[in-house]
Every structure is written in structure tokens, then in C-alpha cells.
Amino acid sequence: MTIRIKEILENGKVGELISASGWIRTRRDSKTVTFIELNDGSCFKNLQVTLDASNHSEILSALGTGTSVTVMGNLVQSPAAGQAVELAGDTVKIIGSVESDYPLQKKRHSFEFLREIAHLRPRANTFGAVFRMRNILSFAVHEFFQSRGYVYLNSPIITTSDCEGAGEMFRVSCFDPEKIPRNDKNEIDWSRDFFGKAASLTVSGQLEAEIFATSLGNCYTFGPTFRAENSNTSRHLAEFWMIEPEIAFADLKEDMNVAEDFVRYLFKAALSRGGDDLDFFDDRIEKGLKANLERLADAPFERITYTDAMTELEKHADSFEFKPSWGIDLQSEHERFITEKIFNGPVFVTDYPKDIKAFYMRLNEDEKTVAAMDLLMPRVGEIIGGSQREERYNVLVDKIKTMGLNIEDYWWYLDLRKYGTIPHAGFGLGFERMVQFVTGMSNIRDVIPFPRAPKLADF
Ligand code: 4AD
């Protein structure tokens, strides 16, 4: 049976007869021996395979980078540094040969180039490491919430409500684009579409999570989320994954406490399970990454109100293109200043002006701000957005109306406030931004297997 290379490198014993399968990363030849670096994706390290050149002369020329092979032989003590054993190959079977135009050569390729070959890039060192780290973090997300008794909710992907009210939704329709039906007023007649009304891909599972939080108690979603914002930045995707816990009988402070514990848990999971992949990020992608994660995994996160943050920013008004003043939404230059220059670490900014935040956030006593929080991180900026929810029926109705939203669309959301309402709070963590932070990768398109962004939906 083929044993995975991770297992071989961790537990293989000298003298064992084994079979290993994978793709050849590199190959070099001395007069009598051919050295192959074999990788099967199970870990960062390669298994070194030696082949006696005279015994394999007929196939040696076919063993190029990218070729898939199965090698049988005995494990021997490795004279090379960093590995206890290597495989002295007796027989080599070529599983799949490689055409000469294989795009992944031994040299370093730019991340931009690798994005164009997203079907092959997981075979490159960096991307193997990124996607293994993504896997570690995904599992840790479930672990964190499951161990605290939260219920995992699969919120719908197709929806007819716009949670964020920002109108950045992808339409889901079965209309023939050449023959879109219209009513007497010449408006599109969505009643004749598949769902009988206008439907879209979800921008957030929060409203559905609130249904569960007000019935099953604490719950969380972890699913794909879609935003048709035309932002060609290194922090935005059109399809990203979001984790949205919703906490019953909780206020904003408890919401932040959960968020902080959660983020730290993910840092600790990365540190304790990241192994060679994390060492690679630390060494080659962002120097000091591990030390930074270690520091943040134990230190409490700072908290500052929007109003105080604005006062600080105004003192440095000359540093910004977009001038800070109370009432504006924080721009990424402001977010970075707060987290990188003022605090040099994660910061919760709380209690934003009500006019720049979504309708569902709870109105504070000052009636000017809402019980909102964003967690800002150095380098990636906003990683979490959350709030205490408005649980008072009348206040919520007023809010929906003043924001110009259609009250009928929210009938079920309002019902939750009519029948046994409770204080509750939640947040959304952008999973890719977390993967970016933990790997040091600078572009969000390099931490999701197949990025979707403006003009980009290949593979
Ligand atoms: O701040 P946002 O819009 O919050 C919500 O959607 C709330 N309904 C969450 C909740 O309270 N349950 O988004 C939350 C996070 C952001 O902080 C960011 O990390 C990520 O989602 N995010 C994106 N990530 C990648 N690409 C995009 N286009 C993103 N938009 C938001």
C-alpha cells in the first residue's frame, strides 16, 4: 500500500520496504545516482528518492518535473540534513508522464503567473502550504464553536433578502436574457421568474442565523458569500467564505469577547499545527510572522470607540488622502493607521455613527451611534464586522423605514421581535482575510483555491 510522504517522514523506520507515490518536484543526477525530490501534497517536505542510474537507464530520461510516479524500495538513513530517512528506490513506475511544455518549472514563478494556472498552482510549494493552512483553519473554526456548544447552520445561498442593504448582490434568474418579461409599467416582472420574485446570491447568512439563535440558541454559519462590489483590491473577492456566529442573550461586549477568543484560537491552531508550512511562511513570505502570531495569541485586543478613534485620526489629518471627520466611514488608510500606527495590533472599533451602518444594528442611548464593532488587523485591515442586533420591534420598524427599505420584505425578521424577543449579537469573520493574516500572503486571490473577482471566474 502507498504510504503518504508525511507519514513516511514522521514515522518511517530504516529498513522498511515501502511504496511512495507522488509528483517529481526536481531531479538531479550524479554519475551513478539520480536524486528525485518526490512530493504528494501531504506535507511541505519532499521525500528524497535515490535511484541507481545504471539500473534505471531506460526510464531516467522520462523522470522530469511534474511526472507522477510510484517508487518501491527500502527506507535508508539519510545523510542529508533535515530528514531522517530517504527512499532507496528499487523499482520506479511512471504513472503519468509530462509533456515538455509543463508550465511549473523548477525556477520561481510569480504569484500573478500562478493565478493563471490555478489548476496546477496547488503543486507549487507556496500554494500547497497555503491550502493546507486553510484546511487547518477551517477545521479549527468548527472545533472552536462545536466545543462551545454552538449549532452549525447551513444558511441559504440563494436568497430574496439583502442583509447588508448595500445592493451588491448577484442576481439569480432563469429568464432568457433576450426575452425578459415586463409588466404594464415596463418593469421587469420577477413574479414570472423561477422563484416568483427577484432572487440573488447571499451577501450574509446573518438574518437566518438570527432565526436559529432565537430558537436553538448560539449558532454559527460557515459558507460561501457573494458580493458584486467592483473592487479590484488585494482584500476583496466576489466570492468569499464567511463565518457568522450569532449569540443568544448577549450584548456587544460579549460579542467582542467571543470574537477575540475565536481569533486567538485560530492563531494558536496555526502555531501548533502549522509545522513546516508555517515555518515556510515565516521564512519566505513574511519575516517575523510566527513571533507576531505568538505575541497576538496571548495579548488582549485593544478596544476604542469610533468617536475616540476619529479624534486620534483628526490629529494626523495631514497623513490622509481622505480627511477624517466624525460621520464618515473609515477608509482603509484610516483603518491601517489605527491598527498599525496607533496600536500595532488588533483593535476593535465600536459604536459607529448609525447612518453608515446596516439597519439591524442596535441603536445606542445617544441615538447617534449603534452598537457595532469592527475588528481591524495590521496589514489586512477589517477582518470582522459585527454588532448587537436591534431587538426592539418599534425601533427596528423606524430604522427600516428611515433607511428607505421595504418593510414587507422584513416581515419574518420583525416577527422575531414580536414573539419572545431577546438581546442577541453576532459577527462575520472574512475567512480569506484570516488566511491572509496567518500566512502573510499579500493578495486575497492567493488564499482561495479558485478566486472570483471582476473579470475573473476561470476554473
Ligand atoms: O462587515 P461585513 O459586511 O458584515 C456582515 O456581513 C455581517 N452580516 C456579519 C454579521 O454580523 N454576521 O462582512 C464581514 C467580514 C468583513 O469584516 C471582511 O472580513 C469579510 O467579511 N468581507 C470580505 N472578504 C473578502 N471579500 C469581500 N468582498 C468581503 N466583504 C466582506
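Predicted, not measured: the structure shown is a model, and the values here were computed from it. Here, residues in each chain are numbered from 1, in the same order as that chain's written sequence. Two thresholds apply to this predicted model, a pLDDT of at least 70 for residue-level local features and 80 or more for giving and counting side-chain atom pairs, whereas whole-chain, interface and lining totals are computed over all residues. Calculation of side-chain values draws on the structure's entire complement of heavy atoms; hydrogens and water are dropped beforehand.

(A) Examining helix α6 (residues 252-273) more closely. When the terminal C-alpha atoms of α6 are compared, their 31 Å separation across 22 residues agrees well with the 32 Å that a helix rising 1.5 Å per residue should span. Polar contacts, as counted here, are pairs of nitrogen or oxygen atoms within 3.5 Å of one another; within protein the pair requires one atom able to donate a hydrogen and one able to accept it, and residues that are adjacent in sequence qualify only if both atoms are side-chain atoms. Helical segments are the DSSP runs of H or I of at least four residues, strand segments are the runs of E of at least two, and each set is numbered from the N terminus. At the N-terminal boundary of α6, the capping side chain belongs to Asp-251, with an oxygen 3.2 Å from the backbone nitrogen of Lys-253. Looking one or two residues past α6, Gly-275 carries a phi angle of roughly 50°, positive in sign. The span one expects for a helix is its residue count, reduced by one, times 1.5 Å.

(B) Structural view of the sheet that holds strand β1 (residues 17-29). Think of it this way: DSSP has to see at least two bridges between two strands before they count as a pair. An order of β1-β2-β3-β5-β4 is seen for the five strands of this closed barrel, with the pairing classed as mixed. Going across the sheet, the axis of each strand differs from the next one's by a mean of 55°, ignoring polarity. The pairing of strand β2 (residues 33-39) with strand β3 (residues 47-52) spans six bridges and is classified as antiparallel. Bridging from a neighbouring strand, Thr-34 pairs with Leu-51 of β3. Axis lines are fitted to C-alpha atoms, over the contacting stretch for helices. Their N-to-C directions set the angle, which ranges from 0 to 180 degrees.

(C) Layout of the sheet that holds strand β15 (residues 381-388). Sheet architecture is open: eight strands sit in the order β6-β10-β11-β16-β15-β14-β13-β12, paired in mixed fashion. Two strands bound the open sheet, and with one partner strand each, they are β6 (151-152) and β12 (302-305). Where strand β11 (residues 239-248) and strand β16 (residues 424-430) come together, five bridges link them in antiparallel fashion. Counted as the bridge partner of Ile-247 is Ala-425 from β16. Contacts between helix α4 (residues 125-146) and the sheet are confined to β6, β10 (219-226) and β11, with β10 contributing the most and set at about 145° to the helix. In what follows, a contact means two residues having at least one pair of non-hydrogen atoms within 4.5 Å. Contacts from helix α9 (residues 306-315) reach β12 and β13 (347-353) within the one sheet, and its direction differs from that of β12 by about 85°.

(D) Structural context of the packing of aromatic side chains. Aromatic rings from Phe, Tyr and Trp, with only the six-membered ring used for Trp, were paired whenever their centres fell within 6.5 Å, and each pair was classed as stacked if the ring planes differed by under 30 degrees, edge-to-face if by over 60, and tilted otherwise. Within the structure shown, the criterion is met by 26 aromatic pairs. Centre to centre, the rings of Phe-222 and Phe-431 are 5.1 Å apart; their planes meet at 65°, and the pair counts as edge-to-face. Of this pair, Phe-222 sits in strand β10 while Phe-431 sits in helix α13 (residues 431-439), and the two are 209 residues apart along the sequence. Burial classes follow relative accessibility: with a 1.4 Å probe on protein chains only, a residue under 20% of its type's maximum area counts as buried, one over 50% as exposed, and anything between as partly exposed. The class of Phe-222 is buried, set by a relative accessible area of 9%. On the basis of an interplanar angle of 40° and a centroid distance of 6.2 Å, the ring pair of Phe-301 and Phe-348 is categorised as tilted. With Phe-301 in the loop between α8 (289-298) and β12 and Phe-348 in strand β13, this residue pair connects regions lying 47 residues apart in the sequence. In this pair, the class of Phe-301 matches that of Phe-348, namely buried. Put simply, the rings of Phe-144, Phe-145, Tyr-150, Tyr-152, Tyr-220, Phe-262, Tyr-265 and Phe-427 touch in pairs and so form one group of aromatic residues. Between Arg-28 and the ring centre of Phe-35, over which it is positioned, the NZ or CZ distance is 4.2 Å. Counted as over-ring charges are cases with an Arg CZ or a Lys NZ within 6 Å of the ring centre that also lie within 35 degrees of the ring normal. The positively charged end of Lys-357 is found above the aromatic ring belonging to Tyr-352, 4.2 Å away from the centroid.

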